[in-house]
Amino acid sequence: MIKGNLETLKTVISNYNFITLEAPNECYGNLMIDTDDGEVWTDEFCDFTHNEYKVYNDDAIHDVIQDFRWENPCWENMYPRKYSVEEIVKFCKKYYGVEFI
């Protein structure tokens, strides 16, 4: 199992929650993971049309929240919301085989 840094994940989730819920409406983010090494980060964008994004040509890089929504379809997950460290840690371990310690 790949090991990720829990303190980094906490910071990344905090950044994601801020940019998604507290920043101006034109700002948004993606919580990303590299399943080869457990690295996590937030891609941040400010675009009124919400059409800005990055393309990663690497099968090991995933948008955690997008995958979380696909695996947990319900009304609560269809809209921006605050994500907890615990639910993302559990999801990453189960879905990607990345354990945060």
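Up top you'll find the structure we're talking about.
Residue positions are counted from 1 within each chain, in the order its sequence is given. pLDDT decides what is reported in this predicted model: residues at 70 or higher carry local features, side-chain atom pairs at 80 or more are listed and counted, and totals for whole chains, interfaces and linings draw on all residues regardless. Excluded from the side-chain calculations are hydrogens and water; all other atoms, namely the structure's heavy atoms, are used.

A. Main features of the environment of lysine 3. Looking at the element boundaries, lysine 3 is found in strand β1 (residues 2-4). Remark: the alpha-carbon pair of lysine 3 and phenylalanine 100, spanning 97 residues in sequence, is separated by 5.7 Å. Discounting chain neighbours no more than four positions away, the residues touching lysine 3 are Asp37, Gly38, Glu99 and Ile101. Within the structure, the side chain of lysine 3 is placed 2.6 Å from the side chain of glutamate 99, a separation counted as a polar contact. Counting from the N terminus, the helices are the DSSP runs of H or I reaching at least four residues and the strands are the DSSP runs of E reaching at least two. Note on contacts: a residue pair is in contact if any heavy atoms of the two residues lie within 4.5 Å. Side-chain atoms alone can form a polar contact between residues adjacent in sequence; in general such a contact is a pair of N or O atoms within 3.5 Å, and within protein one must be able to donate a hydrogen while the other accepts it.

B. Seen up close, the nonpolar core. Among the nonpolar cores identified, the biggest contains 18 residues, and Leu31, Ile33, Val64, Ile88, Cys92, Tyr96 and Phe100 are the most heavily contacted of them. Mapped by element, the contributors of at least two residues to this core are α1 (6-21), β2 (27-34), α2 (64-71), α4 (85-96) and β5 (98-100). Ranked by residues supplied to this core, first place goes to α4 with five residues. Excluding residues that lie within four positions of it along the chain, cysteine 92 makes contacts with Ile33, Val64, Gly97, Val98 and Phe100. In this text, buried Ala, Val, Leu, Ile, Met, Phe, Trp, Tyr and Cys residues form a nonpolar core when linked through side-chain atoms within 4.5 Å. Burial classification: accessible surface area is computed with a 1.4 Å probe over protein chains only, and a residue below 20% of its type maximum counts as buried, one above 50% as exposed, and the rest as partly exposed.

C. The side chain of arginine 81, seen in detail. Residue position: arginine 81 is located in the loop between α3 (75-78) and α4. With a relative accessible area of 15%, arginine 81 lands in the buried category. Arginine 81 has contacts with Tyr16, Asn17, Leu21, Phe68, Glu76 and Glu87, leaving out every residue within four places of it along the chain.

D. Quick look at α4. To estimate how far a helix should extend, the number of its residues minus one is multiplied by 1.5 Å. In a regular helix each residue adds 1.5 Å, so twelve residues correspond to 16 Å; α4 covers 16 Å between its end C-alpha atoms and thus fits that length. For α4, every residue scored as buried is listed here: Val85, Ile88, Phe91, Cys92 and Tyr96. The arc that holds every buried residue of α4, seen down its axis, measures 130°, which confines them to one face. Across α4 from its buried face, at more than 90 degrees, point the exposed residues Glu86, Lys90 and Lys94. Where the residues of α4 are buried, they touch α1, β2, β4 (61-63), α2 and β5. Backbone geometry just after α4 places glycine 97 at a positive phi near 75°. This arc describes the spread of directions from the helix axis toward the C-beta atoms.

E. Main features of the state of the cysteines. Two cysteine sulfur atoms make up a disulfide if the distance between them is within 2.5 Å. In the structure shown here, the tally under the stated rule is one disulfide. Two residues, cysteine 27 and cysteine 46, share a disulfide whose sulfurs are 2.2 Å apart. On the S-S bond that ties cysteine 27 to cysteine 46, the torsion sits near 95°, and the link is right-handed. Here cysteine 27, found in strand β2, pairs with cysteine 46, found in strand β3 (residues 39-46); they are 19 residues apart in sequence, far enough to count as distant. A disulfide-free cysteine, cysteine 74 has its sulfur positioned 17 Å from the sulfur of cysteine 92, the nearest such atom. For cysteine 74, a relative accessible area of 36% corresponds to the partly exposed category. Classification of cysteine 92 by relative accessible area gives buried; the value is 0%.

As far as function goes, none of this settles anything; it's purely spatial.
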